[in-house]
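Fold and contact review
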Amino acid sequence: MNTRKTSFSSLGAAAAAALLLSACATVSPTVGSGNVTYGDAKAVEQVTNQFGSTDLQMIAETMARSLAQSYAGAQTKPLVTIADVKNKTSEFIDTRSITDSIRTQLLKSGTFRFATDIDGMKNQTDELARQNQSGLYKKQGSAKMGKMQGAQYRIEGNITSIVKRNADLTDVYYKFSLMMTDIESGTIDWADEKEIRKTTRR
Amino acid sequence: MKRPALTGAALLLAGALFAGSAGAQTIASKLEHMGESSHVQVAGLIARERNGFLALQMELKNTDNEPRRVFWRVKWLDDTGFQVWDEEAWKPLLLQGSARQNVQIAAPTPKARDFRIQLNAEDNALFPSGNTQNP
Amino acid sequence: MSEYLHYLRRAVGLLSAALLLGGCAGYQAKVAGTVGSAKAGRIDLALAELEKNNTGKDRDLLYYMEKGELLRMQGDFAASTAALAEADAKVREWEEAVKADPSKVIGDIGSFVLNDTTRRYDGRDYEKVFLSVRLAQNHIASGDWDAARVEIKKMHEREAIIAEFRSKELEEAKKGAEEKGVEISSPKEIAGYPVDTLNAPEVLALKNAYESAVANYLAGFVYEALGEPSLAAAGYRKAIEMRGGNTPLIEEALKNLDGSRTRLLAAGVDTLFVVETGNAPAIASRMLPIPLPIPGKNGLRVVMTPISWPVVQENELLASPAQLRINDTTVPLTAMTSIDHMARRAISDEMPGIIARSSIRAIVKGATQAAIQDNAGGVGGAVLSLVAGIAAVATEQADERAWRLLPNGFAVGRAILPFGSHRLTVDSPLGPVTRDIQLSGKYALVSVRHSGPAVYLAQTPFNPLLEPPKIAPAEPVVPVETAAPVASAKAGGKAVKSKTAPAAKAKTASQTPQSRRTQ
C-alpha cells in the first residue's frame, strides 16, 4: 500500500490568483441578507453556563476514546447495547444525544459492535415480523426470525450536577459517569467519568 | 500496517522525536499555533502506541502567575498526511498560575499515525475583556 | 438640563401623536363581553364579540390568544392551534428583539414619553410560557406528541430568554430612576397601593412569574411518553421545585420513571388528567399619587403626582376540585399552579420598571409644562400649567391588558386505566358533570376545563388499533396517588394494586390540596 503524495501547490496558486482578480465583485454562494451566518460547530460555546454543545462534545469524546482504547486489543469486537444514561440534574439534558455521539464514535473507530437498544427494538421486531409473517416476501434472502444477537455488554451511566451561587458568581459542576457491565456475569468491566466545571461571573 | 518506528517510545523534549519516519521531528513541527500564545508553552510532548492506538501526552506550562486558559484540539492524520478523523471539538483548559499540566490524548481510531495539535492561547485571561479571537 | 430639553422636543412631538392615538378605553372594558359570554358557556357569542372588537387589520397578541382559547373550548384544535401559532409568532418576534438588543426593548422610548398602553403588547411573562403549554396540549389533543415535544422545548428556551431579559430590565429601570432622582422603587412605597395582593405568601413562594409546576409536569409527561426518561426526570424535578411542599404525585412520577420502560409492557394507559378552573385575573388601572421631583424655573420641586398603576383584581376563585371519578373509582387531584398567583408575581416583578417609566414620563410632562410657562413668563400661570401637565399624566391608564380566557387553576391527577371507554365525573360549581372518555396507547392526556355551566374536554385521540392483546383480564383502576379509602371501598373481587408505598399513603390520605385563597 504505497500512497503517493501529489502536490497541488501550482493549482492552489492559480486559484488564489483567480480569487484576487474577482475580489471586487462578491461571489459568495449565499442567498439572503447578512443577518444569518453559519458558525463553527466545534467552537467552544460560552453563551450561558447551562449544559451546552461543548460539554456534550467533550464528554462523548472522552468516553468513546477511553472505551475504544480499553478494548482495542480484544480478539473479537465486543457486542454492546446502550441502556439509559440517567439525568440526575434539574436541567433538560438530552442524554440520548450524548450516548448517540459515543456510539457513533465507537462504531467509526471500529472497535465495538452495537446491538439494537430498547428504543430501536420496536422498529426492529416490526420489520422482522413483516418480512416473516406478512407472506409478502420471498423466503430466500429475507431476514430470518431467531437470529438476532444479544449484547455481551451493557453501557449505562448517569449525569449529576452541583450548582452554587452567590451574589457575583455561579458555579456549575457536572459529573458524567459511564460504565460497562458484562451482562452474563454481571461484573462491571469498565468505567470512566468526566468532570466539567463552569463558572459565570455576573 | 503497524509502524515499528512509533511502537517504541518515541520523542521527548524540545529536541528531536519520531526518529524513523520523516527524519527528525520537533515539538514545533507537531504544533499549529493560532496566534501568539501568551504565557503558555508546550513544554513537552510524548507519543506512543497503545493497543494499536496512538496516545499522546502534552505538557503545558503556564509562565504567568495568573490562571490562564488554553484552547486545543488535535488533527489526526495517517502516514500520508490525510486527515483520518472529523474535526475535533475545541477543548477549553484552565492552567493554574505557574502550573505545569499534562494533557492525555488518545487517538480516536487506529488509522491515526500522525497528528497536529492546534493550540490557541492568545487572549487567555480567565474572563477576557475585549474582542477575543478564541475558537 | 439639556437632557430634559432633548426629552422635551420628543415629548412635544409625541404628545400630539398620543392625542391621536388616545381614547384608549381600558382593555378590560373591551374584553368584558367576550369573557362574560365564555363564562356563560356561549363560546359562539364570545367569538363573535371578540371579532367585533378586533376589526382592524393589525390584530394583536391578545386577540390571537383569546381566540385560540375559545376555539380550544369549542374543540376545534386545529383552528385553535392556528390562532395560538399566530400569537406565538408575535412572542417570537419579541424574543428575537430581546436576543438582538434587550436595551432597545426595555428603552422603548414611546413608553417613556407616552404611556404603557401605547406600547405593543408583548404578553406577560407567564402568558408567554402558557402559550407554549396550550399549544402543547392542543398538539396532544390532535395526537401529535412530537409537535408537543417541540413546544415544550421552545417553552424552556423561552423561559431562559425571559429570565435574562427580566434581570437586564430591572438593572436599567433602577439606573433610569436614579438618574432622574426618583426615590420610589417598590409598590410598597406607593401610598394606597394594595400591596397585600402582591405580598401574599403564596405569591412570594413562587420562584418567578414564568416557571410553573404544571408546565414542567406536563413537560415531564410528554418526555416520558416519548420514551425519554432523562428529560422527563428534569421536568418532574423542576415541577417539584416550583410546586414546593409535599407533592407525592410528582415524586411518584419521578420514581416510576426508572421502571417506565418495563412498565410499558403492562396493559393499561398511563393517563394524565389536567383539570382547569376559572379565568385568569383581570388587571385594573388605579390612580395613586407619588412624590416626584419636577424641574422648573427655580430648580426641582417635589410635587405629588397622580399616576395610574396596574392592580391585579380580586378574582372569583373557583376551588380546584380535589378529585375526579373514573367509573366508580376516585382519582385524587393535586393543585399545581394558580395563574392568579403568577399574575400577581408578574406585576410585582414588573412594578420597579413601571414605576421608573411612569415617573420619568410624569417628570418629563411636568417639565414640559414648566418650560411653556417659562416662555410665557407669567407667575400666576405657573401653577395652572403645572396642574395641566399633571392632569395629562392622570388621564393615562396603566396597562390593563392580560390574557383573560386562560384558565386560572391547574390541578393534575394520574392513573393507569384499561384501554377503552370510561365514564369521567368531575365536580363543577353546578354539581357533578359526567363525560365519556376513550383511552388508547401507552400514554394519554385528558384536559377538563369548566367555565361556568359548561365543561370542556380535550383528550388524546382514540385509536382502536392500539388495543393491547388480551392476555390477562383488564386491571382495575389504579390511581397513582391513592387516597386511603379507595382501596378499602373496593371490596370483594379484584384486588386494587396501590402504587403508593404504605408510608406515603398514610401521608397523602390526610393531605389537603394546595392552599386556596380564602376570601
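Residues numbered from 1 in each chain as written. Chains lettered and ligands numbered in written order. Predicted model: local features only at pLDDT ≥ 70, side-chain atom pairs only at ≥ 80, totals over all residues.

1. Quick word on the overall build of chain B
Scanning chain B from N- to C-terminus turns up two helices and seven strands. Going from N to C terminus, chain B has its helices and strands arranged as α-α-β-β-β-β-β-β-β. Of all 135 residues assigned to chain B, the portion counted as buried reaches 30%. In chain B, 65% of the contacts between residues at least 6 apart in sequence involve partners at least 24 apart. (Helix = DSSP H or I, 4+ residues; strand = E, 2+ residues; numbered from the N terminus. Buried ≥ 20, exposed ≤ 12 C-beta atoms within 10 Å, placed from the backbone. Contact = placed C-beta atoms within 7 Å.)

2. As for the sheet that holds strand E3 (residues 153–165) of chain A
What holds strands together in a sheet is hydrogen bonding between their backbones, with the strands either parallel or antiparallel. Residue and element names in this part refer to chain A. Here five strands make up an open sheet; going across it, the order is E2-E1-E3-E4-E5 and the pairing mixed. The open sheet terminates on both sides in strands that have one partner only, identified here as strand E2 (113–114) and strand E5 (188–201). Lying over the sheet, helix H2 (residues 53–70) contacts strand E4 (169–182) and E5, oriented at roughly 155° with respect to E5. (Pairing = 2+ DSSP bridges. Axes fitted to C-alpha atoms, helices over the stretch in contact; angles between N-to-C directions.)

3. Let's talk about the interface of chain A and chain B
Of the residues lining the interface, 21 residues belong to chain A; the matching set on chain B comes to 21 residues. Listing elements by their share of the side of chain A that touches chain B, those giving two or more residues are H2 and helix H3 (95–109) of chain A. The element best represented in the side of chain A that touches chain B is H2(A), accounting for seven residues. A breakdown of the residues in the side of chain A that touches chain B according to their chemical character gives six nonpolar, eight polar and seven charged. (Nonpolar A, V, L, I, M, F, W, Y, C, P; charged D, E, K, R; others polar.)

4. Here we look at the sheet that holds strand E4 (residues 323–326) of chain C
Residue and element names in this part refer to chain C. Strands sit in the order E5-E4-E8-E9 across an open sheet of four strands; the sheet is antiparallel. Each having just a single partner strand, strand E5 (329–332) and strand E9 (431–439) make up the two edges of the open sheet. Here the average twist between neighbouring strands, direction ignored, is 30°.

5. Regarding the confidence of the model for chain C
Residue and element names in this part refer to chain C. Taken as a whole, chain C shows an average pLDDT of 78; of its residues, 76% reach a score of 70 or greater. Below a pLDDT of 50 lies the segment residues 7–24, which in the model reaches 18 contacts outside its immediate sequence neighbourhood of four places, other chains included. Among the prediction metrics, the complex's ipTM stands at 0.77, with pTM recorded as 0.78. (pLDDT = per-residue confidence, 0-100.)

6. Focus on the pairing of strand E2 (residues 283–296) of chain C
With 14 bridges connecting them, E2(C) and strand E3 (residues 299–312) of chain C associate as antiparallel partners. Paired with C:Leu288 across the two strands is C:Ile307, which belongs to E3(C).

7. Digging into the interface of chain C and chain A
Between chain C and chain A, the contact holds 12 residues from the first and 14 residues from the second. Among the elements that take part in the side of chain C that touches chain A, helix H13 (residues 229–243) of chain C stands out by supplying eight residues, more than any other. Tallied by class, residues from the side of chain C that touches chain A come to four nonpolar, three polar and five charged.

8. A look at H13(C)
Here H13(C) contains 15 residues, and its C-alpha end-to-end distance of 21 Å stays within 8% of the 21 Å for a straight helix at 1.5 Å per residue. Of all 15 residues in H13(C), 14 are buried; the element is thus mostly enclosed. (Expected span 1.5 Å × (residues − 1).)

9. A look at the environment of B:Val40
All names here are of chain B. Inspection of the secondary structure assignment puts Val40 in strand E2 (residues 40–50). Put simply, Val40 and Ala55 are 15 residues apart on the chain and 22 Å apart in space, counted from C-alpha to C-alpha. Ignoring sequence-local partners within four residues, the contact set of Val40 consists of Leu60, Asn62, Arg68, Val70, Leu95, Ala121 and Asn124.

10. Describing the pairing of strand E4 (residues 68–77) of chain B
All names here are of chain B. Across the 10 residues of E4, seven count as buried, placing the element largely inside the fold. When E4 meets strand E5 (residues 91–95), the two strands line up antiparallel, connected through five bridges. The partner of Trp72 across the bridge, within E5, is Lys91. One ladder, built from seven bridges, connects E4 with strand E7 (residues 114–120); its direction is antiparallel. Following the sheet pairing, Val74 is matched in E7 by Ile117.

11. Topic: the packing of helix H8 (residues 125–141) of chain C against helix H12 (residues 213–225) of chain C
Residues and elements named next belong to chain C. With their axes 11 Å apart at the nearest point, H8 and H12 run at an angle of 35° to one another. Handedness of the crossing formed by H8 with H12: left-handed. The segment H8 lies against H12, with Val129, Val133 and Ala136 engaging Ala215, Leu218 and Val222. Across the contact of H8 with H12, the residue classes tally to six nonpolar, no polar and no charged. (Left-handed = near helix turned anticlockwise from the far one by under 90°.)

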